[in-house]
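Spelled out from the first residue to the last, the chains are:
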Amino acid sequence: MENKNYGFGTKAIHAGNKKDKTYQALTMPIYQTSTFYFNDCEEGGRKFAGEEEGYIYTRLGNPTTSVLEQKVAALEGAEDCVAVASGIGAVSSIFWTMCKAGDHVIADGTLYGCTFAYLNHGLTRYGVEVSFIDTSNLDEIKKALKPNTAAVYLETPANPNLKIANITAVSELVHNYKKEIMVVCDNTFATPYLQNPLKLGADAVIHSGTKYLNGHGDVIAGFVLGKKDFINQVRLFGLKDMTGAVMGPFEAFLILRGLKTFELRMDRHCDNAMKIANYLEQHPMVDKVFYPGLKSFEGYEIAQKQMRKFGGIVAFEVKGGRAEGIKLLNSLKLCTIAVSLGDAETLIEHPASMTHSPYSSEELKEQGISESLVRISVGLENVEDIIADLEYGFSCLK
Ligand SMILES: *Cc1c(COP(=O)(O)O)cnc(C)c1O
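Conventions and cut-offs
Residues numbered from 1 in each chain as written. Predicted model: local features only at pLDDT ≥ 70, side-chain atom pairs only at ≥ 80, totals over all residues. Heavy atoms only, no water. Phe/Tyr/Trp six-rings, centres within 6.5 Å; stacked < 30°, edge-to-face > 60°. Helix = DSSP H or I, 4+ residues; strand = E, 2+ residues; numbered from the N terminus. Lys NZ or Arg CZ within 6 Å of the ring centre and 35° of its normal. Pairing = 2+ DSSP bridges. Axes fitted to C-alpha atoms, helices over the stretch in contact; angles between N-to-C directions. Contact = heavy atoms within 4.5 Å. Near = heavy atom within 4 Å. Polar contact = N/O pair within 3.5 Å; in protein donor to acceptor, adjacent residues only side chain to side chain. Nonpolar A, V, L, I, M, F, W, Y, C, P; charged D, E, K, R; others polar.

Participant: How do you make sense of the packing of aromatic side chains when you look at a structure like this?
Facilitator: The way to describe two aromatic rings as a pair is by their centre distance and the angle between their planes. The final tally for this structure, using the stated rule, is twelve aromatic pairs. Here Phe 250 and Phe 253 contribute two aromatic rings whose centre-to-centre distance is 6.4 Å and whose plane-to-plane angle is 15°, an arrangement assigned as stacked. Placement of both Phe 250 and Phe 253 in helix H10 (residues 249–259) is noted, with a separation of three residues, approximately one turn of the helix. Through pairs of rings, three or more aromatic residues link up here, namely Phe 95, Trp 96, Tyr 118, Tyr 126 and Tyr 153. Just above the ring of Tyr 112 sits the side chain of Lys 211; from NZ or CZ to the centre is 5.0 Å.

Written out as structure tokens, the structure reads:
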């Protein structure tokens, strides 16, 4: 695809594609192979030395996966992309690349539960100091920066309460302090359709490809995106030598298939979520709604500036508390109780006992993640049906 000015939906279908010269297949075939043969020893030597292009072994690269990497890079506006086996594979591959013992990392305290566990219980075992702060407060970042800070890590909107950080302001502040510090943004909730952190000043982006990018609830996957040199290091060290969290060609094929409808799906997710957020906001049995598209939401103004629409995740606090939240979930008929997000089905979960159980109850309190918080991943169903189901659930609380 030569035209860089194509629209997002066109790129999601065409960017990165390679014409199959062998059989002229329209769809990228699944190159389900671990290794690739060399015509002679010299060819193998040249490929290992990086003097000749071509594939060697699927842990280092694979034709099906490469097409997906180039497509996701085009969508995110990144120089390069490496596909990995999961979102946590992306987190661990990037940190093993960026950090060594003696370094310092600043991370937001509100994160996907297992990312928090990786940083809080994992990386710290290897001599890396991690400070958890609120990245929506620039003064806190200023205070936390140190000469040995190697990376600043944030999610915006954050999991599970959609907290918004100002990517431009954070990146400027950090780079003014020291330009080598990597600002890394987990863009899973927003997706490349709604927000492009690299264009806003971040150095690298990670995604759980399990969620909206694949979109069909049948794959675990991840991506790391950024400058060519850096992605090369992630591929040839963080991934190849450290985590080995390689995406399989079949997973790459499924995500390529999912991406054909990416723009259509995202528009529907966002439209449905906005309607559900409005419905919940006026509901007498709801204390508070967390959705970046609501004027009442704390991060609304920054979200307006840095996001195209506001995504498919809505969180809310049920009046009463934990027991009421759980009873609501247990009463629903259409919305499925499940973690994960970004699928066609509406999924609903209780962060305190599920996705955010790696946080202790004190840590949950510190992050303002209440025991009555419920998170909905709004699906692609007809929105009236989702609202009717929630209404039924609320009626069971009376
Ligand atoms: C799911 C998720 C992850 C982890 O991704 P996996 O593919 O499950 O490993 C990381 N960050 C966010 C924001 C997520 O929602």
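Picking up after the structure, the text goes on.
Participant: Before we go on, may I ask you to explain the sheet that holds strand E3 (residues 129–133) in this structure?
Facilitator: Spatial strand order, E1-E7-E6-E5-E4-E2-E3: seven strands in an open sheet with mixed pairing. Taken across any chain shown, the strands that pair with only one partner, and hence form the sheet edges, are strand E1 (80–84) and E3. With direction set aside, neighbouring strand axes in the sheet form an average angle of 20°. Both E1 and strand E7 (residues 222–226) contribute to a ladder of five bridges, which runs antiparallel. Bridging from a neighbouring strand, Asp 80 pairs with Gly 226 of E7. Of the strands in this sheet, E1, strand E6 (204–208) and E7 are in contact with helix H3 (residues 63–76), which crosses E1 at around 130°. Sitting on the sheet, helix H9 (residues 228–243) is in contact with E1, strand E5 (182–186), E6 and E7, with an inclination near 20° to E1.

Participant: So what exactly am I meant to see when it comes to the site of the ligand here?
Facilitator: Contacts to the ligand come from 13 residues, most closely from Gly 87, Asp 186, Ser 208, Thr 210 and Lys 211. The backbone of Gly 87 places a nitrogen or oxygen atom 2.8 Å from an oxygen atom of the ligand. With respect to the ligand, the side chain of Thr 210 contributes an N or O atom lying 2.6 Å from an oxygen atom. For the shell around the ligand, the class distribution of residues is five nonpolar, six polar and two charged.

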